[in-house]
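# Examining the three-dimensional arrangement
Given next are the chains, with one letter for each unit.
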Amino acid sequence: MSLLATLLLTVVAADWSAPVDVLHELKPCVTYRARFEDNLLVVRAQLQPGWHTFAIDNERRAAEKLAGKRSLGIDQPTRIQLPANVSLQGSWYQLEPKDFSKPDLRWYSWGFEHEAVFVARVAGAPPSPVQIQMRGQACTESTCKNIDLVISIPPATPVSDHSGIDLKQLVETK
């Protein structure tokens, strides 16, 4: 690879945070990255085969399906906590989640396999590094792993490779 190509890849990669892995038995099961794209905060999760994670609005969706009935349990939703210097402008958006529900057990759950994308409008990307807190769960059919990590997002810079995020193609959480 030429020096120019290496430098260009470095600039593109620098737009994203360093990857943060969630480990199970010393192997990554989920890898998170985040960045600012203009006035959007974009968080991506890459899931290893057999693993899934859950929607931001998992609890609300389950409560609607249960209609006041008790559940045997609810999988932990994805939670993203922003620092004080980042102001959320509206709701979070996410890919359309897959239905993992088991109605015969009164267990309702929605989430993502392979990849999860969470996007929110912010009041301008801060010019300095930002840390966001991620919490939730990643599961297989037999194992669940709690997620509690921090992603350090580099200062906002002009994005050289927009990911093509279109909020109209995502689902608004409420």
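In the block above lies the structure referred to throughout.
Report follows, based on the coordinates. Just so you know, these numbers come straight off a predicted model, no measurement behind them.

What counts, and at which threshold
Residues numbered from 1 in each chain as written. Predicted model: local features only at pLDDT ≥ 70, side-chain atom pairs only at ≥ 80, totals over all residues. Heavy atoms only, no water. Helix = DSSP H or I, 4+ residues; strand = E, 2+ residues; numbered from the N terminus. Buried < 20%, exposed > 50% of the residue type's maximum accessible area, 1.4 Å probe, protein only. Contact = heavy atoms within 4.5 Å. Core = buried A, V, L, I, M, F, W, Y, C linked by side-chain atoms within 4.5 Å. Phe/Tyr/Trp six-rings, centres within 6.5 Å; stacked < 30°, edge-to-face > 60°. Salt bridge = Lys/Arg side-chain N within 4 Å of Asp/Glu carboxyl O. Arc of directions from axis to C-beta. Disulfide = S-S within 2.5 Å.

## Topic: the side chain of Thr53
- Tracing the sequence through the fold places Thr53 in strand β4 (residues 52-54).
- With a relative accessible area of 0%, Thr53 lands in the buried category.
- Once residues within four sequence positions are removed from consideration, Thr53 is found in contact with Tyr32, Leu47, Thr78, Phe100, Trp110, Gly111, Phe112, Ala116, Gln137, Ala138 and Ile147.

## A few points about the nonpolar core
- Formed by 35 residues in total, the largest nonpolar core has its most connected members in Tyr32, Leu41, Val43, Ile80, Ile132 and Ile151.
- The set of elements that each furnish at least two residues to this core consists of β1 (20-24), β2 (27-37), β3 (40-47), α2 (58-66), β8 (110-113), β9 (115-122), β10 (130-139) and β11 (144-153).
- Looking at which element gives the most residues to this core, the answer is β2, with five residues.
- For Ile80, the contacting residues outside a window of four places in its chain are Val43, Ile56, Trp92, Phe118, Ile132, Gln133 and Met134.
- Residues Trp16, Val42, Leu167 and Leu170 belong to the second largest nonpolar core, which totals nine residues.

## Side note on the packing of aromatic side chains
- Counted under the stated rule, the structure contains three aromatic pairs.
- Between the aromatic rings of Tyr108 and Trp110, the centroid separation amounts to 6.4 Å while the plane-to-plane angle is 15 degrees, which identifies the pairing as stacked. Judged on exposure class, the residue Tyr108 and its partner Trp110 are both buried.
- Between Phe112 and Phe118 the ring centres are 5.7 Å apart and the planes differ by 85 degrees, which places this aromatic pair in the edge-to-face class.
- You can call Phe118 buried: its relative accessible area is 0%.

## Some thoughts on the pattern of salt bridges
- Following the criterion strictly, the structure yields nine salt bridges and no others.
- Among the salt bridges present, the one from Glu113 reaches Lys98, with a minimum N-O distance of 3.0 Å. With Glu113 in strand β8 and Lys98 in strand β7 (residues 98-99), the pair connects residues that are 15 residues apart, well separated along the chain.
- What makes Glu113 partly exposed here is its relative accessible area of 33%.
- Overall, Lys98 belongs to the partly exposed group, its relative accessible area being 41%.
- Where salt bridges share partners, they join Asp57, Arg60, Arg61 and Glu64 into one cluster.

## Overview of unusual backbone geometry
- One non-glycine residue, Leu26, lies in the positive phi region at around 65 degrees.
- Residue position: Leu26 is located in the loop between β1 and β2.
- Taking relative accessible area as the criterion, Leu26 reaches 80% and is therefore assigned exposed.
- With phi around 55 degrees, Asp38 is a residue other than glycine that occupies positive phi space.
- With respect to the helices and strands, Asp38 occurs in the loop between β2 and β3.
- Taking relative accessible area as the criterion, Asp38 reaches 54% and is therefore assigned exposed.

## Brief notes about α2
- Residues of α2 that are buried: Asn58, Arg61, Ala62 and Leu66. Mapping the buried residues of α2 onto a view down its axis gives an arc of 130 degrees, with all of them on the same face.
- Elements that come into contact with the buried residues of α2 comprise β4, β6 (88-94), β8 and β12 (171-172).
- Of the residues one or two after α2, Ala67 is the one with positive phi, at around 45 degrees.

## Comments concerning the state of the cysteines
- Under the defined criterion, the tally for this structure stands at one disulfide.
- Unpaired in this structure, Cys29 has its nearest cysteine sulfur neighbour in Cys139, at a distance of 9.2 Å.

On their own, these measurements won't tell you what the molecule is for.
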